Each structure stands twice: as structure tokens, then as C-alpha cells.
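Here is what each chain is made of, one letter per residue.
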Amino acid sequence: MGRVAIVTGGTRGIGAAISKSLKAAGYEVAANFGGNEEAAAKFTDETGIKTYKWNVADYEASKAGLAQVESDLGPIEVVVANAGITRDAPFHKMTPDQWKEVIDVNLSGVFNTVHPVWPGLRERKFGRIIVISSLNGQKGQFAQVNYAATKAGDLGIIKSLAQEGARANITANAVCPGYIATEMVMAVPEKVRESIISQIPVGRLGEVDEIARCVTFLASDDAGFITGSTISANGGQFFV
Ligand code: CAA
């Protein structure tokens, strides 16, 4: 039996590609989703990967969901905190609700996903935490004060967890995707998207599999000496 991996937001977009890539690499994968039952059912039909519904913004729901995964599949060893949303608006138009929704899902969601399994990882002395941050957490983005704050926050989380987890053989790393061909990016107005693509030196959006491969590498035994790091996969749009 392979190691057990949980991928939040693991049935669509980048998360679905991560779930599939980990499964192909031999992991027992559990894919969490927040609400889209139809997409989750289709995903299971296509991949055979079991899905679990809970809201990552809710600590108690996350704790219960993760406990269910462990009871079905065994102790979780790989945690991919991928679930994320956007509520883009220029700052002068951003509402407190738009701020809070994004903080609750994207940032508290990482705490809620990692914290319940952390004691088990420490006891068993193995763990891989991989957080999907963003290019826009590294450089900021017009109309994304909320989103950029959470994605920059992810980098603080992994750098701190890397220090706390090191003695227990737990690594914590981030992947910062640039603009990837997902529903989230396709929701950006076409004109804006075209202008974004013109700023990507490789001249195209990234593919979900290009992010999934980074995650699968960070989860592997080969990546054991890499912790507190960030892989930037953005087609050359921004160098850290
Ligand atoms: N830089 C500078 N100015 C910008 C701009 C930018 N990147 N984007 C828009 N503007 C300007 C427009 O030109 C316009 O200016 P004028 O008023 O002078 O014409 C103004 O801002 C738009 O103001 P509006 O009041 O019309 O804005 P709006 O309330 O309709 O909001 C928007 C529009 C939400 C900003 C929309 O343009 C948008 O969605 N932009 C994309 C934001 C973005 O890139 N989000 C990333 C999503 S993908 C993702 O997040 C994944 C990842 O991790 C990479």
C-alpha cells in the first residue's frame, strides 16, 4: 500500500491534476471537495479516487473529514493544501465579506487542514506538507489584496512549519503557480487574460500537470532535504 495523501480542492483544476499524479505515483489518494457534487462524482468515475466533502474554512468539519479519511485509508502522510477561491475587486470596491471569505478558505483553510494531522505526523516521524500558494502572493496583484495576502501568508506558514517539523522528518514546501489554464483563470475577463498572457515570457498559460508534477516531486522521498522552499512555476513571469 502506498502512502496516504489528502488533496484539498482535489477534484477540479490544479487539485484534480495533483490527485491523479499522486495516484499514478502509487499514493492512496483522498480528494476533498467543498460543494460541487457533480464534479466530484465525475472525478471519481473517471479516476477511481475517493472523494470527501467538507468545507476547509471550518475547523471542526476539517478535523472530522480528515479523521474519516484516516479511518478509511490509514494515517495521512502527505497533505496537499490546495483549496482556494478568488473574490477579485479593486481595493476601493472590496467588501469586508470578500476579504473574509478569501481569508477563511485560502489561509485558515491551510491551518484547518494541517493542524489536525500534525500530531500524527510528529509521532510517526514522517510528513510532507505541500501548500499551493501563487505567483500573486509573491508579487501582489491588482484587484487581489485579499488573495495575495493569503498566498503570501502560505509562504510564512511553510517556512515556520519547516522549522518545527524538521526534527520529526516533516518537510513543508510551497508551489507558486503562475497563470494556469483553469476555470479560475478563465473567469478573468478575456481582455485582461490576453494582457496577462502577453506578460508571460513563454507565451502561454501553464498546464495543470506542470503544477502536479512539482507537487509529486515534493511529496517523494527524493525531496527529503528540501523544506521551507518554494517552487515557482510561472513561465518566467516573475523571478523571486
Ligand atoms: N493593472 C492596472 N490597472 C488595471 C489592472 C491591472 N492589472 N486591471 C484592471 N485595471 C484597471 C482597468 O484598466 C480599469 O481602469 P479604468 O477605470 O481607467 O478604465 C480599472 O482598473 C478597472 O476598474 P473597474 O472599476 O472597472 O473594475 P471592476 O470593479 O470592474 O473590476 C477586475 C475588474 C475585477 C479588476 C477585473 O479586471 C479582473 O478580474 N482582473 C483580473 C485580476 C486578476 O488577475 N486576478 C487573478 C485571477 S487568477 C488567479 O488568482 C490564479 C493565480 O493564482 C495566478
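Up top you'll find the structure we're talking about.
The structure reproduced in this document is the subject of the present report. Note that this is a predicted model, so its numbers are computed, not measured.

### Re the packing of helix α3 (residues 59–73) against helix α4 (residues 96–114)
- Their axes nearest at 8 Å, the elements α3 and α4 cross at an angle of 40 degrees. Of the possible angle classes, the one that applies to α3 and α4 is oblique. Crossing of α3 against α4: the hand is right-handed. Contacts between α3 and α4 involve Y59, S62 and L66 from the former and F111, N112 and T113 from the latter.
- Taken together, the residues of the contact of α3 with α4 break down into 3 nonpolar, 3 polar and no charged.

### Comments concerning a nonpolar patch on the surface
- Residues F91, W99 and V145 make up a contiguous nonpolar surface patch of about 310 Å² in total accessible area.
- When you line up the elements, F91 lands in the loop between β4 (76–81) and α4.
- Here F91 falls in the exposed class, since its relative accessible area comes to 59%.

### Observations concerning the packing of aromatic side chains
- Counted by the stated rule, this structure contains 1 aromatic pair.
- For the pair Y59 and F111, a centre-to-centre distance of 6.0 Å together with 40 degrees between the ring planes defines the contact as tilted. With Y59 in helix α3 and F111 in helix α4, this residue pair connects regions lying 52 residues apart in the sequence.
- A relative accessible area of 46% places F111 in the partly exposed class.
- Lying across the ring of F126, R3 places its NZ or CZ 3.8 Å from the centre.

Procedures and definitions
- Residues numbered from 1 in each chain as written.
- Predicted model: local features only at pLDDT ≥ 70, side-chain atom pairs only at ≥ 80, totals over all residues.
- Heavy atoms only, no water.
- Axes fitted to C-alpha atoms, helices over the stretch in contact; angles between N-to-C directions.
- Helix = DSSP H or I, 4+ residues; strand = E, 2+ residues; numbered from the N terminus.
- Parallel < 35°, antiparallel > 145°, perpendicular 65-115°, else oblique.
- Left-handed = near helix turned anticlockwise from the far one by under 90°.
- Contact = heavy atoms within 4.5 Å.
- Nonpolar A, V, L, I, M, F, W, Y, C, P; charged D, E, K, R; others polar.
- Patch = residues over 30% accessible without salt bridge, like charges linked within 9 Å, V, L, I, M, F, W, Y side chains within 5 Å.
- Areas by Shrake-Rupley, 256 points an atom, 1.4 Å probe, with all protein chains shown as cover.
- Salt bridge = Lys/Arg side-chain N within 4 Å of Asp/Glu carboxyl O.
- Buried < 20%, exposed > 50% of the residue type's maximum accessible area, 1.4 Å probe, protein only.
- Phe/Tyr/Trp six-rings, centres within 6.5 Å; stacked < 30°, edge-to-face > 60°.
- Lys NZ or Arg CZ within 6 Å of the ring centre and 35° of its normal.

Coordinates in, geometry out; function isn't part of it.
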